[in-house]
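The chain contents come next:
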Number of protein chains: 2
Amino acid sequence: MRRLLIKNAQLITMNKQDDIFHGDVLIEGERIKEIGTNLQPDAVDAEIDARHQILLPGFIHTHIHLCQTLFRGQGDDWELMDWLKKRIWPLEAAHDEESIYYSAMLGIGELIKGGTTSIVDMETVHHTDFAFQAIQKSGIRALAGKVMMDHGEEVPKLLRETASASLQESMDLYEKWHDKDGRIQYAFSPRFVVSCSEELLKEVAFLSEKYQVCVHTHASENKGEIQIVEQERGMRNIVYLDHLGLANERLILAHCVWLDEEEKKIIRDRKVKVSHCPGSNLKLASGIAEVPDMLKSDMYVSLGADGAPCNNNLDMFQEMKLAALIQKPINGPTSMKAKQVLQMATIGGAKALGLEHEIGSIEVGKKADLILVDLHKLHAFPSYDIDPISRIVYSAYSSDVETVIINGEVVMENRRLKTMDEAIILKEANKSSKRLIGKLPTIAY
Amino acid sequence: MRRLLIKNAQLITMNKQDDIFHGDVLIEGERIKEIGTNLQPDAVDAEIDARHQILLPGFIHTHIHLCQTLFRGQGDDWELMDWLKKRIWPLEAAHDEESIYYSAMLGIGELIKGGTTSIVDMETVHHTDFAFQAIQKSGIRALAGKVMMDHGEEVPKLLRETASASLQESMDLYEKWHDKDGRIQYAFSPRFVVSCSEELLKEVAFLSEKYQVCVHTHASENKGEIQIVEQERGMRNIVYLDHLGLANERLILAHCVWLDEEEKKIIRDRKVKVSHCPGSNLKLASGIAEVPDMLKSDMYVSLGADGAPCNNNLDMFQEMKLAALIQKPINGPTSMKAKQVLQMATIGGAKALGLEHEIGSIEVGKKADLILVDLHKLHAFPSYDIDPISRIVYSAYSSDVETVIINGEVVMENRRLKTMDEAIILKEANKSSKRLIGKLPTIAY
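Since the structure is predicted, the reported quantities are computational estimates derived from the model, not experimental observations. (Residues numbered from 1 in each chain as written. Chains lettered and ligands numbered in written order. Predicted model: local features only at pLDDT ≥ 70, side-chain atom pairs only at ≥ 80, totals over all residues. Heavy atoms only, no water.)

### So, the nonpolar core
Phase 1 of the analysis: Ranked by internal contacts, the top residues of the largest apolar core, which has 258 residues, are A:M320, A:L342, A:I392, B:M320, B:L342 and B:I392.
Phase 2 of the analysis: Those residues in contact with B:M320 that lie beyond four places of it in its chain are B:F59, B:L303, B:V341, B:L342, B:A345, B:I392 and B:V393. (Core = buried A, V, L, I, M, F, W, Y, C linked by side-chain atoms within 4.5 Å. Buried < 20%, exposed > 50% of the residue type's maximum accessible area, 1.4 Å probe, protein only. Contact = heavy atoms within 4.5 Å.)

### Examining helix α2 (residues 97-113) of chain B
Residues and elements named next belong to chain B.
Phase 1 of the analysis: Spanning 17 residues, α2 covers 24 Å between terminal C-alpha atoms, matching the ideal 24 Å at 1.5 Å per step.
Phase 2 of the analysis: Burial of α2 is extensive: 15 of the 17 residues sit out of reach of the surface.
Phase 3 of the analysis: G115 lies just past α2 and shows a positive phi near 90°. (Helix = DSSP H or I, 4+ residues; strand = E, 2+ residues; numbered from the N terminus. Expected span 1.5 Å × (residues − 1).)

### Topic: the domain arrangement of chain A
Residue and element names in this part refer to chain A.
Phase 1 of the analysis: Each assigned domain of chain A is listed here: domain 1 (3-57 + 362-417) and domain 2 (59-352).
Phase 2 of the analysis: Residue-level contacts link 27 residues of domain 1 with 31 residues of domain 2.
Phase 3 of the analysis: Summed over both partners, the interface of domain 1 with domain 2 buries about 2300 Å², with 67% contributed by carbon and sulfur atoms.
Phase 4 of the analysis: The largest share of the area that domain 1 buries against domain 2 comes from M14, V393 and Y394, three residues that together contribute 27% of it.
Phase 5 of the analysis: The interface formed by domain 1 and domain 2 contains 2 salt bridges.
Phase 6 of the analysis: Among the salt bridges present, the one from D18 reaches K339, with a minimum N-O distance of 2.8 Å.
Phase 7 of the analysis: Run the count over domain 1 and domain 2 and you get 8 residue pairs in polar contact (both at pLDDT 80 or more).
Phase 8 of the analysis: Those elements that place two or more of their residues in the side of domain 1 that touches domain 2 are β5 (53-57), β15 (370-374), α15 (388-395), β16 (401-406) and β17 (409-413).
Phase 9 of the analysis: For the side of domain 1 that touches domain 2, the element with the most residues is α15, which contributes 5 residues.
Phase 10 of the analysis: Looking at the side of domain 1 that touches domain 2 residue by residue, the classes come out as 19 nonpolar, 3 polar and 5 charged. (Domains from an automatic or database assignment. Buried area = accessible area lost by both parts, 1.4 Å probe. Salt bridge = Lys/Arg side-chain N within 4 Å of Asp/Glu carboxyl O. Polar contact = N/O pair within 3.5 Å; in protein donor to acceptor, adjacent residues only side chain to side chain. Nonpolar A, V, L, I, M, F, W, Y, C, P; charged D, E, K, R; others polar.)

### Remarks on the relation of the copies chain B and chain A
Phase 1 of the analysis: Rotating chain B by 180° and translating it 0.0 Å along the rotation axis places it on chain A, where the RMSD comes to 0.0 Å. One copy is carried onto the other by what is essentially a two-fold rotation axis. Among all residues of chain B, the minimum C-alpha distance to the rotation axis is found for B:S399, at 3.5 Å.
Phase 2 of the analysis: When the interface residues of chain B are mapped onto chain A, 100% of them again fall at the interface, so both copies present the same face. (Least-squares fit on C-alpha atoms with pLDDT ≥ 70 in both.)

### Some words on the side chain of B:H276
Phase 1 of the analysis: You can see B:H276 is positioned in strand β13 (residues 273-276).
Phase 2 of the analysis: Contact partners of B:H276, with chain neighbours within four places excluded, come to B:N281, B:A289, B:V291, B:V301, B:S302, B:L303, B:G304, B:A323 and B:I326.

### Details of the interface of chain B and chain A
Phase 1 of the analysis: Between chain B and chain A, the contact holds 62 residues from the first and 62 residues from the second.
Phase 2 of the analysis: The largest per-residue losses of area from chain B upon contact with chain A belong to B:D77, B:L378 and B:Y384, which jointly make up 16% of the total buried on that side.
Phase 3 of the analysis: Residues B:K328 and A:D77 are paired through a salt bridge, measuring 2.6 Å at the closest nitrogen-oxygen approach.
Phase 4 of the analysis: One can count 32 residue pairs in polar contact (both at pLDDT 80 or more) joining chain B with chain A.
Phase 5 of the analysis: Those elements giving two or more residues to the side of chain B that touches chain A turn out to be α2, α9 (278-283), α11 (316-325), α12 (328-331), α15 (388-395) and α16 (422-439) of chain B.
Phase 6 of the analysis: Counting residues per element, the side of chain B that touches chain A draws most heavily on α16(B), which supplies 8 residues.
Phase 7 of the analysis: Here the residues of the side of chain B that touches chain A sort into 25 nonpolar, 22 polar and 15 charged.

### Observations regarding the environment of B:I112
Residues and elements named next belong to chain B.
Phase 1 of the analysis: Of note, I112 is situated in helix α2.
Phase 2 of the analysis: Looking at I112, the relative accessible area reads 0%, which means it is buried.
Phase 3 of the analysis: For the pair formed by I112 and S138, sequence separation is 26 residues and the distance between their alpha carbons is 9.0 Å.
Phase 4 of the analysis: The residues touching I112, leaving out its near neighbours within four places in the chain, are S138, I140, V404, I406, V411, M412 and L417.

### A short note on unusual backbone geometry
Phase 1 of the analysis: The omega angle of the peptide bond from B:N311 to B:N312 is 10°, so this bond is cis rather than trans.
Phase 2 of the analysis: Residue B:P382 follows B:F381 across a cis peptide bond; omega there is 0°.
Phase 3 of the analysis: Structurally, B:P382 is set in the loop between β15 (370-374) and α15.
Phase 4 of the analysis: Positive phi outside glycine occurs at A:N38, with the angle close to 55°.
Phase 5 of the analysis: Looking at the element boundaries, A:N38 is found in the loop between β3 (31-36) and β4 (46-49).
Phase 6 of the analysis: The exposure class assigned to A:N38 is exposed, which follows from its relative accessible area of 53%.

### Regarding the pattern of salt bridges
Phase 1 of the analysis: Applying the stated criterion across every chain yields a total of 68 salt bridges over all chains.
Phase 2 of the analysis: Close ionic contact of B:D24 with B:K7 constitutes a salt bridge, the shortest N to O distance being 3.2 Å. Here B:K7 lies in strand β1 (residues 3-12) and B:D24 lies in strand β2 (residues 20-28), a separation of 17 residues in the sequence.
Phase 3 of the analysis: For B:D24, a relative accessible area of 2% corresponds to the buried category.
Phase 4 of the analysis: Of the charged contacts in the structure, one is a salt bridge between B:D269 and B:K265, with a shortest N-O distance of 2.5 Å. Residue B:D269 and its partner B:K265 are located together in helix α8 (residues 261-269), separated by 4 residues, close to a single helical turn.
Phase 5 of the analysis: A relative accessible area of 46% means that B:K265 is categorised as partly exposed.
Phase 6 of the analysis: Counted as one network, the salt bridges with shared partners bring together A:E261, A:K264, A:E290 and A:D293.

### A short note on the UniProt feature "binding site: Zn(2+)" (unreviewed entry) in chain A
All names here are of chain A.
Phase 1 of the analysis: UniProt tags H63, H65, H218 and D306 as "binding site: Zn(2+)" (unreviewed entry). For this annotated set, covering 244 residues, all C-alpha atoms fall within 11.5 Å of each other, a compact arrangement in space.
Phase 2 of the analysis: Look past the residues within four positions of H63 in its chain and what remains in contact with it is V120, H216, H218, A254, H255, S275, C277, L303, G304, A305 and D306.
Phase 3 of the analysis: In this structure the side chain of H63 is engaged in a polar contact, spanning 3.3 Å, whose partner is the side chain of H65.
Phase 4 of the analysis: Checked against the element boundaries, D306 lands in the loop between β14 (300-303) and α11 (316-325).
Phase 5 of the analysis: Aside from chain neighbours lying at most four places away, what touches D306 is H63, I64, H65, E221, H255, C277, S280 and L314. (UniProt positions renumbered as here; feature names shortened; annotations may be inferred.)

### Topic: the packing of aromatic side chains
Residue and element names in this part refer to chain A.
Phase 1 of the analysis: A full pass over the atoms with the stated rule returns 12 aromatic pairs over all chains.
Phase 2 of the analysis: Measuring from centroid to centroid gives 5.1 Å for Y174 and Y211, while their planes differ by 50°, and the two rings are tilted. Highlighted residues: Y174 in helix α4 (residues 163-177) and Y211 in helix α5 (residues 198-211), separated in sequence by 37 residues.
Phase 3 of the analysis: In this structure Y174 comes out as buried when scored by relative accessible area, which is 13%. (Phe/Tyr/Trp six-rings, centres within 6.5 Å; stacked < 30°, edge-to-face > 60°.)

Right under this line is the structure:
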């Protein structure tokens, strides 16, 4: 097996003891073999001198729409319902196989360059196979699925599907991609209650239990959505999901901005996972989730960027800083500390995926999903006597990430992606984008 | 005179017509000589091919403390009064000539690398001459001054000064540095009402009028401060400043988070300038200034990062994005648009300095304070049919700035600073920081 030695880094391990020290890590195959100071292994295939660099577990974004990366900048400063109905859905309907592929590659390239090693990705209705192909080629770790939507109004024809077709296509993708390459898992991905029939959601609950597979959906992002769910289903969002048997440790809920006490209790008791998306919640004017309160009551909270058109970056450094800053005017300057934020971005994300024994911290035996960050730079100095976690959360940029290792493979080295050609992706992204925008006038309802 | 031609850029001019187009700019000496498409001047000394790059007016940060750059990371997740009294003031008291110089160089280096070409800088009580030396050497445009504080409790001995000493030192610096090199101006800089006697503030008002010089201070940053001012001076902050004759078009007020209607009217009627510092206001839990309301009533609002320990970057891209995002959950998704934010960061800043006829937009005859931003990158793509202002505000990073020109001089080229040595600054910043931290136990009260 291939052996890679990382020497002389400052390790932020994110292990249970919160160990931070200068040392070395030996990777053998996909896993971390040894951690220590001044390691002298017999023979290694490669060595990285990480002097002046911080070694961290890779970031885990638990809510992303790779299919929307091509829509970046297409819906800025719009009202939420206009944003969804007039821009995002028509653009999703316009997607073809090639545009899905390059939208995913564009997003994954950006994510890896910013230190993200795992994602939870919700695609659109069709062509999801091509997103999985991009995921496979890129080397990123992913829990992904096609979106399911068989209900609701003002949806383009091309995005409307029957429950049975939606389930069949999901199962086909599950069978093709789940547990692939040791990196890829399938998640049933009903868009949100508003877009899904009760029949569909019940079947998703059944299949999730049967195959022990995650479910990824949006919930309680904004007040209008909650109102529709209450009107149509006679109860609040999370109560309804629980009623259908979906509220369990395999459920990942994006947003959760507006929860009442009953819903919080369900999430806590059933060990449901919450993906906090501060950038998106601000940009779409959704609100500010009560994350300090969630963390105090031991809810599982992780971080995500959401799609490019509601952010507009897929950047964990931005999400971490926002997650800390936006709580402070409401809950005080010590309400969300740098360490809590970094936990959400790493081990918290691993828990969302149910992979806390495999990723999310630097520990012997875990998968080698690691990043090296170079903060020997003006914007992150001085370094003398400064908490390295504070430097990562409050001062670092995604452009400070130098090296990214996923599943033991070096996928970025000295800021050069090794699994994709950036120039081609830029060119193809614009080409696909032009084609989608050209199709917009023809999208039927 | 030296002639520099910039070819093939996408120009965001920020002029009154909001012109955006692909073209060229000819710089002659300190000023913009010609703007057009396919310029073919006779002879130029240098030419920059800016294909794929956006040419913008340089950013103008209207509230910065360069003397605090060395304190980055020293007061994260602290209560505000602890932050000021236990960390910032003792560290300011510990400063010496060398540490002030490198703190300024570190901050200016970071600022230029992020596209800032002008700053409004408040130093500490002593050694301000060394900050001016750094400003002079760096090539940045600055309105700066020593802080004035002759009043208040729990202040280290070394920061306490008499009104007369404070005024004398300010006038000495004014005479040495004001109108220097066509880039440097002096600003009287009383820290905030809480730190200043009425005698001192009255004299500042007199001198500002006599010499037609700006006054830069903090006001209404947090509720505790406002309460102290009301108790001690018998009126609210801005009312008090107006009462002393300070409220006029030469006054720059940092923060203004908590203004009542009377104060807003004074600021509006007297054409007082407001420096909005969203990052700092979040991190120190101060609150969110009512900027949409200020802009609607034609108040002069610009942007600033404040000091490094309360942010922790000096980065206009971050401040722009924050300025837009934080208003949306409160005032709706269209309440703060990308264009308004970019106006605050450029021409708005120029108005704060009283230099709107010289800088802040790309127009023939204005000083050449320009930046080139390369967005031919994954995190800012696609570019097809996307508003370039939206790309700058919502997608761009400070690390995308390639070239910075101030007063006609290229001070950064291909991300390399031309007026300072980064390696030396990093080394000296840590050396100075270690010395200051070592002195902390000896700081007397």
